[in-house]
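Coordinate inspection notes
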Amino acid sequence: MRTPSVLVALATLFGAVHAVTTNGFADQNGGMTGGAGGKSATVSTGKQLHQALCERSSKTTPITIYVSGTITLGNTEKVSGSGCSTASDRIELKGIKNVSIIGKGKAIFDQIGIHVRESSNIILQNLHVRNVKKSNGATSNGGDAIGMEKSVSNIWVDHCTLEASGGESDGYDGLLDMKAGTKFVTVSYTIFKNSGRGGLVGSSDSDLGNGPVTFHHNLYSNIDSRVPLLRGGTAHAYNNYYNKINKSGLNSRVGAKIRVEKNYFKNAKNPLGTFYTDKKGSWEVIDNIFDSVSWTNSYYPAGPNVKSTTSVSIPYSYKADSASCVPSIVGSTAGADNGMKVSDGSCSASPSSPPSTPPSPPSQPSPPSPPSQPSPPSSPSSPSSPPSSPPSSPPSSGSGDNLSRQSGSGSDGSSKASGTSYKDVRDGSLSSYWSPKGSTGHIRIKWDSSKTVGSVVIREASGYQGRIQSWRLQDENDNTIKSGTGLAGAITFSPRSMKKVKFAILSASGTPGVAEFETYASSSSSASPPQSPPAPSPPAPSPPSSSSCSNPTGKWGNCLQTKCCGDAGWTCYGANQWYAQCRTECNVNGWDCNRLG
């Protein structure tokens with residue numbers, strides 16, 4: 001199965017307008033080309049994105065827009081021109097055709113949604129859209145991360161991350177809603193997480209002219225319902241991983257038909273059926289795995305004895321993975337800023353490749369191509385004399401045992417975001433976490449009896465690094481132990497006896513996520529951080545000076561200094577810190593930071 005991202009790259013780079021393959025219904029009705037064959041632009045604000053659309057000679061002129069950085073309501077404006085119809089409170093794709101919007105590295109849409117209306121042949125790829133609200137704060141796009149409506153066709157949403165921090169009562173709506181004549185859509189390799197509503201196809205019982213839609217290789221994590229809600233029309237859901245569906249899953253209603261094929265359901269309530277109405281839909285089920293799921297008698301669940309009630313004809317070619325490998329293959333391929341990998345249809349992911357390379361990237365010094373070198377050892381040694389500036393995210397933990405995980409420990413805090421847990425900050429895993437309801441709050445570790453504590457390490461969850469801006473550490477009487485900005489390594493202080501220690505987040509860029517709140521008796525650095533997932537580590541060069549990262553480290557040092565320490569704000573501090581905090585940034589930009597040279 002050919003890599004879709006490579007097809008996009010080839011069409012864009014060489015000007016050949018060939019249809020890409022989405023392995024879904026977007027391949028029908030003329031197929032997908034997006035902005036292939038047209039000009040390209042690189043943008044970092046919403047205003048620039050709108051300007052790139054508006055500067056086209058017409059609304060159908062092809063264009064590929066690369067997004068690098070964070071789009072917000074504050075940097076988005078309404079722009080006028082011959083090639084657009086825009087708005088100030090959302091990214092507006094209205095009345096246009098032949099457009100690709102592709103993230104380069106980290107492309108974040110923070111609290112601002114993407115609205116597709118009366119448009120066709122649109123590719124949205126490698127984008128992270130988060131915390132879009134319809135009430136209770138800054139609002140955009142009716143609370144939808146991505147919304148499509150009114151005469152929309154041939155849309156491909158690929159390798160995106162769509163997330164909220166709660167449900168409708170918290171001000172959020174759907175992560176991906178399609179209505180009022182949205183047809184021929186493929187949604188692939190996308191993460192939906194932490195939302196009351198995953199999305200819908202059809203907004204009401206009278207809005208039945210939507211679809212067909214394909215959902216494949218997506219991750220639905222901590223979603224209450226609508227994965228999706230399908231009213232009328234046809235859908236195909238294959239090789240998706242549904243993990244922690246809290247109320248109901250695929251909801252086929254009002255005559256809708258859906259083929260549910262080789263998916264993996266885990267910790268899901270009512271994974272499939274017709275819910276909250278007597279107007280039934282139907283389903284065809286093929287080789288799915290139901291692991292730790294539950295069924296209720298309300299309305300018309302498909303289980304526990306799940307059987308097909310219809311058959312669905314699929315007009316396009318595709319190769320589905322076995323359901324048993326879906327958790328691993330989706331985990332390694334889905335989401336934005338995750339290497340743009342795809343499945344080969346045999347439970348293996350293709351090599352990482354960027355969606356395409358913009359001809360005019362943001363100005364950066366480029367390291368020379370690295371020559372072949374032996375693989376690095378698995379355990380780096382610490383630099384002999386670290387620089388005076390500490391790293392900007394905790395490189396190591398305190399000495400001895402993590403007191404947060406000892407018998408008699410517990411945790412609590414301020415109101416938590418839906419789907420997160422206080423106990424997750426002391427489970428030793430970086431994949432589970434606690435988030436406050438909003439951008440501020442506090443989390444606390446407590447013990448049955450007093451403990452002597454001399455250092456604390458706060459580890460942010462994957463995808464949430466760098467969000468915590470200012471913080472305060474307090475004892476059980478709310479006396480301040482220490483305060484600061486950013487997470488500058490282990491928070492050390494004179495050891496003191498206490499039964500509770502509180503980490504208060506005073507400000508953050510978006511909703512923060514704390515994966516681990518570690519506490520130690522001593523402040524010396526020696527214990528190893530949790531690994532999620534484990535990865536090979538490079539050898540440790542001597543610490544660089546503030547002006548150079550090249551010396552004995554060669555191109556690897558240059559790569560990290562330029563791409564990570566400069567762009568992302570990390571401080572250069574030796575092998576452990578370079579590797580832990582910079583590897584992702586470098587790999588996203590196409591450099592190999594796993595070896596010297």
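One structure accompanies this document, and this report is about it. Every value quoted in this text rests on a predicted model; they were computed, and no experiment measured them.

Tallied over the entire structure, the rule returns 22 salt bridges. Note that aspartate 205 and arginine 231 form a salt bridge whose closest N and O atoms lie 3.4 Å from each other. Here aspartate 205, found in the loop between β13 (191-201) and β14 (213-216), pairs with arginine 231, found in strand β16 (residues 229-231); they are 26 residues apart in sequence, far enough to count as distant. Close ionic contact of lysine 266 with aspartate 291 constitutes a salt bridge, the shortest N to O distance being 3.3 Å. Of this pair, lysine 266 sits in strand β21 (residues 264-268) while aspartate 291 sits in strand β24 (residues 289-291), placing them 25 residues apart in sequence. For lysine 266, a relative accessible area of 25% gives the class partly exposed. Given the relative accessible area of 22%, aspartate 291 is considered partly exposed. A single salt-bridge network, built from bridges that share partners, covers Lys134, Glu168, Asp173 and Arg197.

We now examine helix α3 (residues 326-333). When we look at burial in α3, the residues that qualify are Val326, Ile329, Val330 and Thr333. Each buried residue of α3 sits inside an arc of 95 degrees when the element is viewed along its axis, so together they form one side. The exposed residues of α3 that point more than 90 degrees off its buried face are Ser328 and Gly331. Positive phi shows up at glycine 335, right after α3, with a value of about 100 degrees.

Tallying each qualifying case throughout the model produces 14 aromatic pairs. Plain terms: the ring middles of tyrosine 238 and tyrosine 318 are 4.8 Å apart, the flat faces sit at 40 degrees to each other, and that makes the pair tilted. On the criterion of sequence distance, the pair formed by tyrosine 238 in strand β17 (residues 234-238) and tyrosine 318 in the loop between β25 (300-301) and α3 is long-range, its members being 80 residues apart. On the accessibility criterion, tyrosine 238 (1% relative accessible area) is buried. Residue classification places tyrosine 318 among the partly exposed residues on the basis of a relative accessible area of 23%. Aromatic side chains tyrosine 433 and tyrosine 464 sit 5.0 Å apart centroid to centroid with 45 degrees between the ring planes, which places their arrangement in the tilted category. Linking tyrosine 433 in the loop between β26 (409-413) and β27 (441-460) with tyrosine 464 in the loop between β27 and β28 (468-475), this pair joins segments that are 31 residues apart in sequence. The pair tyrosine 433 / tyrosine 464 is uniform in exposure class, with both members buried. Of note, lysine 280 hangs over the ring of tyrosine 300, and the distance from its end group to the ring centre comes to 4.3 Å.

About the criteria used
- Residues numbered from 1 in each chain as written.
- Predicted model: local features only at pLDDT ≥ 70, side-chain atom pairs only at ≥ 80, totals over all residues.
- Heavy atoms only, no water.
- Salt bridge = Lys/Arg side-chain N within 4 Å of Asp/Glu carboxyl O.
- Helix = DSSP H or I, 4+ residues; strand = E, 2+ residues; numbered from the N terminus.
- Buried < 20%, exposed > 50% of the residue type's maximum accessible area, 1.4 Å probe, protein only.
- Arc of directions from axis to C-beta.
- Phe/Tyr/Trp six-rings, centres within 6.5 Å; stacked < 30°, edge-to-face > 60°.
- Lys NZ or Arg CZ within 6 Å of the ring centre and 35° of its normal.

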